[in-house]
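Architecture and fold: a report
Spelled out, the chains give:
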Amino acid sequence: MANSNVSIFDELSIDHVEFYVHDTAVAAAQFIDSYGFEIYGASEPADSVGAIRSVALGKNQIRLVLTMAQGADHPAAAYVEQHGDGVANIALTTSDATEAFTEAVRRGAAAVAEPAERDGLTTASIRGFGDVIHTFVQRPVSSDPRTLPAFSSVPETGARFDSGLGEIDHFAVCLEAGQLTSTVEFYEKVLDFQMIFEERIVVGSQAMDSKVVQSRSGSVTLTLIEPDTSLDPGQIDKFLKNHGGAGVQHIAFTADDIVESVGLLKSLGVSFLSTPDAYYRLLSVDLAKHSVSELQELDVLVDEDHDGQLFQIFTASVHPLGTFFMEVIERLGARTFGSGNIKALYEAVERQRAEGEAEK
């Protein structure tokens, strides 16, 4: 007898992340020059829905696709017009794209693209949150995970440098007020995700609510955040206004050694958010790796939970609207997302401000 608890969504993983961008060459250069990614594929000429130009690039288990619309009919054109460059598609690997699509739609998902087979791969798409979709990707067992329909391979030139980045840890998603509960329910009902963490973060006169949903496989994690609009507006409100609705605020890349990776990235010109010295003076964590001086020199934050510690740092946004940035994270067992860093960093900034005023 078949196991009734087995679901087509049990083994979902991140196949690739597609960005819609104004200019693929400019967007690709940022990832290549700043993060050591390599281009390994490019799209074939125009298809029936409008001329497009896409490039596939990445490093280790990180696979990105950058798509630029050459014509007004392609969805990338409308997306970029409203949001600017941003994440448009979080594609998910599955053993059967047709079954995954059919079951997701049966459970209430909005269909975007019916199942189609090309170059040995079967794909189908549903709507996720905001203007972000999920494409199910079914690959032959022996398929190179970097191959994509209608893409041709590009000769590898060899990595210019190794940034030490390994895979996508999670996506941070900003939702409009009142959408958090329904979005969690969507992922639980439609894709069998599980809510693994929730918290309310109060920062001065601002507040945000967050719930984390994760695929059964543990490979796909979304940190969903909505603002408390009864309090003062904060960074989530600003994102929603500038982005024009819900969307991916940042992607977290894992690092084997965050000190080495961030040190290298900074030397290559990547700008990170700075941390006041007061943060490190107030730090009470018994560090399992790295030293306080190493973290302070690079502005790296540290937090811990019952399972271990994590080190993280956020890049300064280079997006014209300030609506997208990156995170680098190293986990030493910790499974949460550094909420203590937000509170501690805020308190440190406030104390430093107060000390400065007292000296006047």
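A brief structural summary. Just so it is clear, the structure is predicted and the values come from calculations on it, not from any experiment.

**Description of the sheet that holds strand β17 (residues 325-332)**
Taking strand neighbours across the sheet as the criterion, the 8 strands line up as β11-β12-β13-β10-β14-β17-β16-β15 in an open arrangement whose pairing is mixed. For this open sheet the edge positions go to β11 (194-203) and β15 (301-305), each flanked by a neighbour on one side alone. In this sheet, adjacent strand axes meet at a mean angle of 25° when their direction is disregarded. Alignment of β11 against strand β12 (residues 206-214), held across 9 bridges, turns out to be antiparallel. By the bridge assignment, E199 is partnered in β12 with S210.

**What to know about the nonpolar core**
With 73 residues, the main nonpolar core has F19, F136, F171 and I251 as its most contacted residues. Here the element with the most residues in this core is helix α4 (residues 180-191); it accounts for 6 residues. Contacts of F171, omitting those with residues within four sequence positions, involve I14, V17, I90, T221, L222, T223, V248, H250 and I251.

**Side note on the side chain of T122**
As for its position among the elements, T122 is in strand β7 (residues 121-127). Residue T122 is classed as buried on the basis of its relative accessible area of 14%. Residue contacts for T122: discarding those within four places in its chain leaves A97, T98, A116, E117, F136, V137 and Q138.

**Details of empty space enclosed by the protein**
If you walk through the whole model with that rule in mind, you get 1 cavity of 30 Å³ or more. What the largest cavity holds in volume is close to 40 Å³. In this structure, the largest cavity is lined by Q206, A207, M208, P227, D232, G234, Q235, I236 and D237. Every element with two or more residues in the lining of the largest cavity is listed here: β12 and α5 (235-243). In terms of residue class, the lining of the largest cavity is made up of 4 nonpolar, 3 polar and 2 charged.

Reading the values: rules and limits
- Per chain, residues are indexed from 1 in the order of the written sequence.
- At least 70 in pLDDT is required for a residue's local features to be given in this predicted model, at least 80 for side-chain atom pairs to be given and counted, and no such filter applies to totals for whole chains, interfaces and linings, which use all residues.
- As a rule here, side-chain values cover all heavy atoms of the structure and leave hydrogens and water aside.
- Two strands pair under a simple rule: DSSP has to find at least two bridges between them.
- Think of it this way: any DSSP run of H or I at least four residues long counts as a helix, any run of E at least two long counts as a strand, and we number them from the N terminus.
- Inter-axis angles, ranging from 0 to 180 degrees, are taken between N-to-C directions of lines fitted to C-alpha atoms, where helices are fitted over the stretch in contact.
- By nonpolar core is meant a set of buried Ala, Val, Leu, Ile, Met, Phe, Trp, Tyr and Cys residues that side-chain atoms within 4.5 Å join together.
- With a 1.4 Å probe rolled over the protein chains alone, any residue whose accessible area is under 20% of its type maximum counts as buried; one over 50% counts as exposed, and the rest are partly exposed.
- Only heavy atoms matter for contacts: two residues are in contact if any of them lie within 4.5 Å across the pair.
- A pocket, in this scheme, is an open set of points on a 1 Å grid over the protein atoms alone with protein on both sides within 12 Å along at least 5 of 7 lines, while a cavity is a set where a 1.4 Å probe fits but cannot get out; residues line either one if an atom lies within 4 Å of a point.
- Grid points are joined across faces, edges and corners, and a volume is the space filled by probe spheres set on the points.
- Charged means Asp, Glu, Lys or Arg here, nonpolar means Ala, Val, Leu, Ile, Met, Phe, Trp, Tyr, Cys or Pro, and polar covers whatever is left, Gly included.

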